[in-house]
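# Notes for the structure review
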Amino acid sequence: MTSNFPERSLTRSPMSQRTLFNTVMTVVAFTCGVLALLPLLAVLSYVIIKGFSSLNLAVFVELPPKALQKGGGFGNAILGTLVMVGIAALISIPFGVLGAIYITEFSSARVARWVRFAANVLSGVPSIIAGVFAYGIVVLTLVKLNLGSYSALGGGFALAILMLPIILRTTDEALQLVSQDLRQASVGLGATNFQTVSQVVLPAALPAIVTGATLAIARASGETAPLLFTALFSNFWPDSLFQPTASLAVLVYKYAISPFKNWQSLAWAASLILVLMVLITSIIARWATRKKA
Amino acid sequence: MTTNSQNLSSAMKNRSGAEKSLDQGFIWLTKIFAFGVAGTLLWIGSQVAIGSWPAIQKFGAGFLVNTTWNPVNDSYGVLPQIYGTLLSSFIGLLIAVPIGVGTAIVLSEDFLPAKVKLVLVFAVELLAAIPSVVYGVWGIFVLVPILTNLGKWLNGYFGWLPFFSTSPTGPGMLPAGVILAIMTLPIITALSRDALISVPPSLRQASIGLGATRWETILQVLIPAAFSGIVSAVMLGLGRAMGETMAVTMLIGNSNNISLSLLAPANTISSLLANQFSEASGLQVAALMYAALVLFFLTLVVNILAELIVMRVKRI
């Protein structure tokens, strides 16, 4: 077959200006990719190397040492973090899940759009503003009632504000993925709205909701700013929800900027625990959702 | 989903009263919580406004242009902090936007095998999940020494430029900007990638079919098509950068001055709050609340704009 096209007209010369530009841009883009991953590797390797060298059993069960004193740990900060994240989860999970049920199951499309919009904007509110808000709502109220001031309660409330939009959005997405057939089948069998939601829709979406809640909890346990003036810090074991409470994140901040070597090494150990907590939950969540899909 | 509930209401006519009221109660309960989530935003705004009322009465709009912050004689203004917030975010975005968009292109095109891409996308997500305070610790011990050396060199050779006119003392505007770049990068990358992926494949095929090279397609077809998505990614990154507290507080030096030099220490609104709130009393608390209100307003505007752009993109 004869062809009217000149030979090789469809291949580009490797030295043409357009091909060169193409190659240069590819190199530039890959350089960007490497630059983006560099900090991740740098932060992770530094935290792991520095953190592991100061990690031991005492770190988990003992109280913080005095400056320049050897040993000690941050058992009280771990307990405090668990308590405050627990309070936050108790407030935000029911709140967020029920709110999400309304916008996916019962509301009009317009209301749903507005609530989603508000939740997205709420998730962009700086965490320090959540702290100022919790200070006004909880700390000042406790002072007025003479029950205390800076406390685990205030810290938990501030963290709940930060978790709320995440819980709402992940539950919202999980519920939207539940097949419409399931709802119709349930209604067809004569179930009420309440029965359909609680016995058919929620169980179907539960794994995704749990994953979302776990990620939100992991994220909240690393938050520092809102705890600085709601929970403050303490060198002792927490014995009441109405007293200043230590947390891992605030301990990292306080000890990292201190001039004492022993406090700095505790800060690295605490950073390692925070990072591991976030990494492990993210990896498990990713793995669990991929298995499902 | 609305039709769903309408069908239900007709079926409910022959139910017992208790069942009906349980059902109605449940719907009302979820409704209250849904509106509660939206209402939280208003609650935060009004609460912070109430807390700052004494300072608003005393200083008015002059608070925004006054440059002193002096708790001893109760004279307050947040111009240096507003300047620091905006400049540090700007430096952060200046570094993060090109790198983030470049990374998004690598992760959305078929440069790499799908499995490698999946791992890299996950790695970028992890970058977003590392707590802010850990970035701060890393910044103090690793980033600041590196940038101080770089700053000394810049000051030595380019000291005649106003940006490098002071000798670096360690913490300052530059380290804060770099850490903000690292922290906003994952958001910009992830959202830009989403925008690039959702460009219809027919556009790409048409462009390649007309004989365009890969990069001609990317720059002249894909990026214009995904432009509003990328802009909203940058806006959300900006909102995040302006509100970021811990890492910046640990790296910016917390000095309430306005300096053109990037090597000099500065301050941001969120760092001011983090440093002073727990030890403040009286009018200082109100002044800090006023500063918080300014920050709340600034981030609210940026976030709402970003959301509106996203909404418009989704409707098209």
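So, here is what we can say about the structure in this document. (Residues numbered from 1 in each chain as written. Chains lettered and ligands numbered in written order. Predicted model: local features only at pLDDT ≥ 70, side-chain atom pairs only at ≥ 80, totals over all residues. Heavy atoms only, no water.)

### Observations regarding the overall build of chain A
Helix and strand counts for chain A come out as 10 helices and 0 strands. Its helices and strands in sequence order give chain A the pattern α-α-α-α-α-α-α-α-α-α, from N to C terminus. Based on the C-alpha atoms only, the size of chain A along its principal axes is roughly 95 × 65 × 35 Å. For chain A, with 293 residues in total, the buried portion stands at 52%. Within chain A, counting contacts between residues at least 6 apart in sequence, those at least 24 apart form 72% of the total. When the accessible area of chain A is evaluated, it comes to approximately 14000 Å², of which 68% is carbon and sulfur surface. (Helix = DSSP H or I, 4+ residues; strand = E, 2+ residues; numbered from the N terminus. Buried < 20%, exposed > 50% of the residue type's maximum accessible area, 1.4 Å probe, protein only. Contact = heavy atoms within 4.5 Å. Areas by Shrake-Rupley, 256 points an atom, 1.4 Å probe, with all protein chains shown as cover.)

### Observations concerning the packing of helix α6 (residues 152-177) of chain A against helix α8 (residues 193-221) of chain A
Residues and elements named next belong to chain A. Running from N to C, α6 and α8 point in directions that differ by 150°, and their axes come no closer than 8 Å. The orientation of α6 with respect to α8, classified from their angle, is roughly antiparallel. In terms of crossing hand, the pair formed by α6 and α8 is right-handed. Only Val 201, Leu 202, Ala 205, Ala 208, Ile 209, Gly 212, Ala 213, Ala 216, Ile 217 and Ala 220 of α8 make contact with α6, whose side of the interface consists of Leu 159, Met 163, Ile 166, Ile 167, Thr 170, Thr 171, Ala 174 and Leu 175. Taken together, the residues of the contact of α6 with α8 sort by class into 15 nonpolar, 3 polar and no charged. (Axes fitted to C-alpha atoms, helices over the stretch in contact; angles between N-to-C directions. Parallel < 35°, antiparallel > 145°, perpendicular 65-115°, else oblique. Left-handed = near helix turned anticlockwise from the far one by under 90°. Nonpolar A, V, L, I, M, F, W, Y, C, P; charged D, E, K, R; others polar.)

### Quick notes on the nonpolar core
Core analysis: the biggest nonpolar cluster contains 155 residues, and Phe74(A), Phe63(B), Val133(B), Tyr135(B) and Phe277(B) have the highest contact counts within it. Not counting residues up to four positions away in its chain, the partners in contact with Phe63(B) are Trp69(B), Tyr76(B), Gly77(B), Val78(B), Leu79(B), Ala287(B), Tyr290(B) and Ala291(B). Counting residues in each nonpolar core, the second largest holds 17 residues, with Ala195(B), Val199(B), Trp215(B) and Leu222(B) among its members. (Core = buried A, V, L, I, M, F, W, Y, C linked by side-chain atoms within 4.5 Å.)

### Let's talk about the pattern of salt bridges
All names here are of chain A. In total, this model carries 8 salt bridges over all chains according to the counting rule given. Where Glu 173 meets Arg 169, a salt bridge forms, and the shortest distance between an N and an O atom there is 3.9 Å. Taken as a pair, Glu 173 and Arg 169 lie in helix α6 at a separation of 4 residues, close to a single helical turn. (Salt bridge = Lys/Arg side-chain N within 4 Å of Asp/Glu carboxyl O.)

### A few points about helix α1 (residues 17-53) of chain A
Helix length check: α1(A) (37 residues) gives 54 Å between terminal C-alpha atoms against 54 Å at 1.5 Å per residue, within 8%. Along α1(A), the sharpest change in direction is near 25° and occurs at Leu37(A); proline Pro39(A) comes one to four residues later. (Expected span 1.5 Å × (residues − 1). Bend = angle between axes of the 7 residues up to and from the residue.)

### Notes on the interface of chain B and chain A
Between chain B and chain A, the residue contacts involve 87 residues of the former and 88 residues of the latter. The tally of links between chain B and chain A comes to 2 salt bridges. Across the salt bridge formed by Arg18(A) and Glu216(B), the nearest N and O atoms sit 2.8 Å from each other. Summed over the shared surface of chain B and chain A, the result is 12 residue pairs in polar contact (both at pLDDT 80 or more). The element that contributes the greatest number of residues to the side of chain B that touches chain A is helix α2 (residues 17-51) of chain B, accounting for 20 residues. For the side of chain B that touches chain A, the per-class residue count stands at 59 nonpolar, 19 polar and 9 charged. (Polar contact = N/O pair within 3.5 Å; in protein donor to acceptor, adjacent residues only side chain to side chain.)

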